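Geometric and topological summary
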Amino acid sequence: MKIIKAMNYEEMSQLAADRVIDRVRSHPHFTLGLATGATPLGLYNKLVGDHQKNGTSYQGVVTFNLDEYIGLPPNHPNSYHYYMNQHLFDHIDIEEKNIHLPDGTAENLVKECIFYEKQIRQAGGIRLQILGIGQNGHIGFNEPGTSPDSRTHVVRLTESTRKANSHYFKSMEEVPACAITMGLATIIESEEIILLASGEHKSSTIDKLIHGDVHHQFPASLLKTHPNVTVIADQAALKMARAPRVY
Ligand code: GLP
């Protein structure tokens, strides 16, 4: 796992954007895995800016998002579909048919999970996956205890995750109880992974990621078994990490 220390959120976002842009430009048919949450907002903003200024094209890019809440339709302002449209897809030249997020309103959720896996396979797998990290070490919505062999599946969200995400909702009661998420095995099959972390509230999590053992109670630790993972974290997020090998 390579650790890149960024000065601040801005630099973290720029470094991630540079990598994505470089990959998209050199492989016009590229499969990109995307994340939601506050952390990648700066990255998406930079991708939009670059598209507008330099014309980087996403016409041949296929995307797969990590997760979606169960029960929220794509036009719900708190759905991850809506977030992605608002912050990225509506502002670049990606084709609608190339955008994939799990359907949290599917009648048969198990079938939807199997279908999502099939779509990823048919696209040839994910070349570059962007990840954020939850304070309890979750990636996507793979909560502590998730099997490393897991594929796209339905999860019941922990109270801490629901609470962490509740500021996007009017009240805690509105935060969905369940979600569909790519599994840990799905994520780990990506050719390359970039994990972003920003802010002091992530510093003990990042310390644990860098220095802790691989353990199923800390899902992100599985990334240590992957040959091509880069953590781009700002100084605040690296505050507690004891002398990481930084680049
Ligand atoms: C949610 C998402 C994760 C994300 C995490 C951290 O739970 N499912 O993919 O990494 O939140 O979010 P934030 O970036 O807002 O801290």
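A short tour of the structure in this document, coming up. (Residues numbered from 1 in each chain as written. Predicted model: local features only at pLDDT ≥ 70, side-chain atom pairs only at ≥ 80, totals over all residues. Heavy atoms only, no water.)

Below, the discussion takes up the overall build of the protein. Scanning the protein for helices and strands turns up seven helices and ten strands. Its C-alpha radius of gyration of 17 Å places the protein within 12% of the 18 Å reference for a compact globule of 247 residues. Considering only C-alpha atoms, the protein reaches an extent of 50 × 45 × 35 Å along its principal axes. Across the 247 residues of the protein, 55% fall into the buried class. Within the structure as shown, the protein displays about 11300 Å² of accessible surface, and the carbon and sulfur contribution to it stands at 51%. (Helix = DSSP H or I, 4+ residues; strand = E, 2+ residues; numbered from the N terminus. Rg over C-alpha atoms; globule rule 2.2 N^0.38 Å. Buried < 20%, exposed > 50% of the residue type's maximum accessible area, 1.4 Å probe, protein only. Areas by Shrake-Rupley, 256 points an atom, 1.4 Å probe, with all protein chains shown as cover.)

Attention now moves to the pattern of salt bridges. Counted under the stated rule, the structure contains eleven salt bridges. Note that Glu-117 is salt-bridged to Arg-151, the shortest N-O span being 3.2 Å. Here Arg-151 lies in the loop between strand S6 (128–131) and strand S7 (153–156) and Glu-117 lies in helix H4 (residues 109–122), a separation of 34 residues in the sequence. Since its relative accessible area comes to 33%, Arg-151 is described here as partly exposed. Taking the shortest distance from any N to any O, the salt bridge between Glu-191 and Arg-127 comes out at 3.1 Å. A residue pair is termed long-range when its members are at least 10 positions apart, and Glu-191 in the loop between helix H6 (184–188) and strand S9 (192–197) and Arg-127 in the loop between H4 and S6 qualify at 64 residues. Of the residues examined, Glu-191 reaches a relative accessible area of 42% and is grouped as partly exposed. A single network of salt bridges, built from pairs that share partners, joins Arg-19, Asp-22, Arg-23, Arg-127, Glu-191 and Glu-192. (Salt bridge = Lys/Arg side-chain N within 4 Å of Asp/Glu carboxyl O.)

It is worth spelling out the layout of surface pockets at this point. Size it by volume and the largest pocket reaches roughly 760 Å³. Along the walls of the largest pocket sit 39 residues, with Thr-36, Gly-37, Ala-38, Asn-165 and Tyr-168 positioned nearest its centre. For the lining of the largest pocket, the elements supplying multiple residues, two or more each, are strand S4 (67–69), helix H3 (80–87) and helix H5 (159–164). Its residues assigned to classes, the lining of the largest pocket comprises 18 nonpolar, 19 polar and two charged. (1 Å grid on protein atoms, 1.4 Å probe; cavity = no way out; pocket = protein on both sides within 12 Å on 5 of 7 lines; lining within 4 Å. Points joined across faces, edges and corners; volume = space filled by probe spheres on them. Nonpolar A, V, L, I, M, F, W, Y, C, P; charged D, E, K, R; others polar.)

Ala-38, Thr-39, Asp-67, His-138 and Lys-202 are the nearest of the 13 residues found near the ligand. Note that an oxygen atom of the ligand is positioned 3.3 Å from one of the backbone N or O atoms of Ile-133. Summarising the interface, the protein chains cover 92% of the accessible area of the ligand, which totals 390 Å² for the free molecule. One can see that the ligand is located within the largest pocket. Here the residues of the shell around the ligand are counted per class, giving five nonpolar, six polar and two charged. (Near = heavy atom within 4 Å. Polar contact = N/O pair within 3.5 Å; in protein donor to acceptor, adjacent residues only side chain to side chain. Sits in = over half its atoms within 2 Å of the grid points.)

Following the criterion strictly, the structure yields six aromatic pairs and no others. Ring geometry for Tyr-44 versus Tyr-83: centroids 6.4 Å apart, planes at 80°, classification edge-to-face. In this pair, Tyr-44 is assigned in helix H2 (residues 41–54) and Tyr-83 in helix H3, connecting sequence segments 39 residues apart. With a relative accessible area of 0%, Tyr-44 lands in the buried category. Exposure remark for Tyr-83: the relative accessible area of 11% places this residue in the buried category. (Phe/Tyr/Trp six-rings, centres within 6.5 Å; stacked < 30°, edge-to-face > 60°.)

Moving on: the pairing of strand S10 (residues 229–234). The buried fraction of S10 amounts to six of the six residues, a majority that puts the element mostly inside the structure. What you see with S10 is no split at all: Val-229, Val-231 and Ala-233 on one side and Thr-230, Ile-232 and Asp-234 on the other are buried throughout. By the bridge criterion, five bridges tie strand S1 (residues 2–6) to S10 in an arrangement that is parallel. Each bridged residue has a counterpart across the sheet, and for Lys-2 the counterpart in S10 is Thr-230. As paired strands, S9 and S10 are joined by five bridges and run parallel to one another. Each residue of the ladder has a partner; that of Leu-196, found in S10, is Ile-232. (Pairing = 2+ DSSP bridges.)

Taken together, three strands build an open sheet; the order of strands is S4-S8-S7 and the sheet is antiparallel. The strands lining the two open edges of the sheet, one partner per strand, are S4 and S7. When strand polarity is set aside, the average angle formed by the axes of neighbouring strands in this sheet is 25°. One ladder, built from three bridges, connects S4 with strand S8 (residues 178–181); its direction is antiparallel. The partner of Glu-68 across the bridge, within S8, is Ile-180. (Axes fitted to C-alpha atoms, helices over the stretch in contact; angles between N-to-C directions.)

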